[in-house]
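Summary of the model geometry
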Amino acid sequence: TFWLLFGLFDLICFVTGILGFLIPFYDEAKVGFLIFMGAFGGAHKIYPILEPFLLQGDEVAKKYEPLLEQHAKRLRDMAEAKAKELGKQE
């Protein structure tokens, strides 16, 4: 739970870091939030709030699984054909 929320936090910090210097105590707030998440069990308090949104993203990702499987199969077939071609040349 902590590492999932830390990953989201890091992504948000990457995006907002460009304008972070405009916000007073931005860096101190980030450190305080990380301490809250790790030392005070904040990750277990925040995760239930974010879980419905994360599950929606999971449903969207599942829609694209067949497309990705087709693409992976096509790439695997191309790689196998190229390997056979290179093996015949030697």
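Everything discussed here concerns the structure shown above.
Below is a summary of the structure that appears in this document.

Focus on a nonpolar patch on the surface
Residues I18, L19, F21, L22 and I23 make up a contiguous nonpolar surface patch of roughly 590 Å² in combined accessible area. Relative to the helices and strands, L19 resides in the loop between α1 (2-16) and α2 (26-39).

Thoughts on the pattern of salt bridges
The final tally for this structure, using the stated rule, is 4 salt bridges. K30 is paired through a salt bridge with D27; the nearest N and O atoms lie 3.8 Å apart. Here D27 and K30 lie together in helix α2, a separation of 3 residues that amounts to about one turn.

Points about the environment of I35
Looking at the secondary structure, you find I35 in helix α2. Look at I35 and you get partly exposed, because its relative accessible area is 44%.

Section: α2
Across its 14 residues, α2 extends 20 Å between first and last C-alpha, which sits within 8% of the 20 Å expected from 1.5 Å per residue. Looking at the residues trailing α2, positive phi occurs at G41, about 70 degrees.

Topic: the packing of aromatic side chains
This structure, assessed with the given rule, holds 5 aromatic pairs. Judged by centre distance (5.1 Å) and plane angle (80 degrees), the ring pair of F2 and W3 falls under edge-to-face. Ring centres 5.6 Å apart and planes at 80 degrees place the aromatic pair W3 and F6 in the edge-to-face group. Highlighted residues: W3 and F6, both in helix α1, separated by 3 residues, approximately one helical turn.

Scoring rules and cut-offs
Every chain is numbered independently, its residues counted from 1 as its sequence is written. The model is predicted, so local features are restricted to residues of pLDDT at least 70 and side-chain atom pairs to those at 80 or more, both for listing and for counting; the totals for chains, interfaces and linings are taken over all residues. Hydrogens are left out, water is left out, and the side-chain values use all remaining heavy atoms of the structure. Only residues whose relative accessible area exceeds 30% and that form no salt bridge are eligible for patches; like-charged ones are grouped when within 9 Å, while nonpolar side chains (Val, Leu, Ile, Met, Phe, Trp, Tyr) are grouped when within 5 Å. Exposure was quantified through the Shrake-Rupley algorithm and a 1.4 Å probe, taking into account, for residues, occlusion by the shown protein chains and nothing else. Here, a salt bridge means any side-chain nitrogen of Lys or Arg that lies within 4 Å of a carboxyl oxygen of Asp or Glu. What counts as a helix is a DSSP run of H or I of at least four residues, what counts as a strand is a run of E of at least two, and both are numbered from the N terminus. The rule is simple: take the accessible area with a 1.4 Å probe, protein chains only, and divide by the maximum for that residue type; under 20% is buried, over 50% is exposed, in between is partly exposed. The length a helix should cover is 1.5 Å for every residue beyond the first. Put simply, two rings from Phe, Tyr or Trp (the six-membered ring, in Trp's case) pair if the centres are within 6.5 Å, and we call them stacked under 30 degrees between planes, edge-to-face over 60, tilted for the rest.

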